[in-house]
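Residue-level structural notes
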Amino acid sequence: MYNDYIKGTKESAAKNNLRAIALMEADYYSDNNSYCLAKCNTAAKINTNLFFKTTLDLNSDYEYKVVYHDSDFQAFATPKNDTNVTKYCLTASNNLNSGSNCP
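For the structure given in this document, a descriptive report is provided here. As the structure is a computational prediction, the values presented were derived from the model and not from experiment. Residue numbers run consecutively from 1 along every chain, following the written order of its sequence. With pLDDT at 70 or above as the cut-off, local features in this predicted model cover only qualifying residues; side-chain atom pairs require 80 or more to be listed or tallied, and sums for whole chains, interfaces and linings still use all residues. Each side-chain value is derived from all of the structure's non-hydrogen atoms; neither hydrogens nor water enter the calculation.

**Side note on the sheet that holds strand β2 (residues 72–79)**
Spatial ordering of the open sheet is given by β1-β2-β3-β4, a layout of four strands whose pairing is antiparallel. Edge positions in the sheet fall to β1 (62–69) and β4 (96–98), since each of these pairs with one other strand and no more. Each strand axis lies, on average, 20° off the axis of its neighbour in the sheet, ignoring direction. Only strands joined by at least two bridges in the DSSP assignment are considered to pair. Segments assigned H or I by DSSP are reported as helices when at least four residues long, segments assigned E as strands when at least two residues long, and all are numbered from the N terminus. Where β2 and strand β3 (residues 88–91) come together, four bridges link them in antiparallel fashion. Each residue of the ladder has a partner; that of alanine 75, found in β3, is leucine 90. Residue contacts follow a heavy-atom distance rule, with two residues in contact if any of their heavy atoms lie within 4.5 Å. Throughout, an axis means a line fitted to C-alpha atoms (over the contacting stretch in the case of helices), and angles, computed between N-to-C directions, take values from 0 to 180 degrees. Relative to the sheet, helix α1 (residues 2–32) contacts β1, β2, β3 and β4, its axis offset from that of β1 by approximately 35°.

Here's what the structure looks like:
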């Protein structure tokens, strides 16, 4: 039961981080007329190029990245090896998917 609580907390944090990435991508697009893609393909690069500070925990159970998707972007929270958490993805239009529904 306790492990399910911890897992739920980690997954909630991942979904919130994806929403924060999407908000920052909207700001980035407003300033640059393009999305942060190649410069935002790791959590460390997202921290540097979108948040301009350490927002994403590099030691969490997730790796984060942003990729091109249907002329917009898609952000991913992918479980690191040997972690028992769910994969999540969020499109620029705020469609949140999980598990096998993510590419």
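**What about the side chain of glutamate 11?**
Within the secondary structure layout, glutamate 11 lies in helix α1. Of the side chains with opposite charge, lysine 7 lies nearest to the buried glutamate 11, which makes no salt bridge, at 4.1 Å. Within polar-contact distance, the side chain of glutamate 11 engages the side chain of threonine 86 at 2.9 Å. Sequence-distant contacts of glutamate 11, that is, excluding residues within four places in its chain, are made with Tyr62, Val85, Thr86 and Tyr88. Each residue's exposure class comes from its accessible area (1.4 Å probe, protein chains only) as a fraction of the maximum for that residue type: buried when under 20%, exposed when over 50%, partly exposed otherwise. Under the counting rule used here, the positive set is Lys and Arg, the negative set is Asp and Glu, and His together with the chain ends is not counted. Criterion for a salt bridge: a side-chain nitrogen of Lys or Arg within 4 Å of a carboxyl oxygen of Asp or Glu. The definition of a polar contact used here is a pair of N or O atoms within 3.5 Å, where within protein one atom must be able to donate a hydrogen and the other to accept one, and adjacent residues in sequence count solely through side-chain atom pairs.

**Observations concerning the nonpolar core**
Soluble globular proteins tend to pack their nonpolar side chains together in the buried interior. Among the nonpolar cores identified, the biggest contains 22 residues, and Leu18, Ile21, Ile46 and Tyr64 are the most heavily contacted of them. Secondary structure elements with two or more residues in this core: α1, α2 (43–51), β1, β2 and β3. A total of five residues in this core trace back to one element, the largest contributor, which is α1. Leave out the neighbours within four places in its chain, and isoleucine 21 touches Ile46, Leu50, Phe51, Leu56, Tyr64, Val66 and Ala75. What we call a nonpolar core is a set of buried Ala, Val, Leu, Ile, Met, Phe, Trp, Tyr and Cys residues that are connected through their side-chain atoms within 4.5 Å.

**Quick word on the packing of α1 against α2**
Between α1 and α2, the shortest axis-to-axis distance is 10 Å and the interhelical angle comes to 45°. When the axes of α1 and α2 are compared, the pair comes out oblique. By crossing handedness, the relation of α1 to α2 is classed as left-handed. Across from Ala20, Ile21, Met24, Glu25 and Tyr28 in α1, the residues of α2 making contact are Ile46, Asn49, Leu50 and Phe51. Gly is put with the polar residues, along with every residue not named as nonpolar or charged; the nonpolar set is Ala, Val, Leu, Ile, Met, Phe, Trp, Tyr, Cys and Pro, and the charged set is Asp, Glu, Lys and Arg. Taken together, the residues of the contact of α1 with α2 break down into seven nonpolar, one polar and one charged. Any angle between 65 and 115 degrees counts as roughly perpendicular, while under 35 counts as roughly parallel, over 145 as roughly antiparallel, and the rest as oblique. By definition, any crossing whose near helix is turned counterclockwise from its far helix by less than a right angle is left-handed, and any crossing with a clockwise turn is right-handed.

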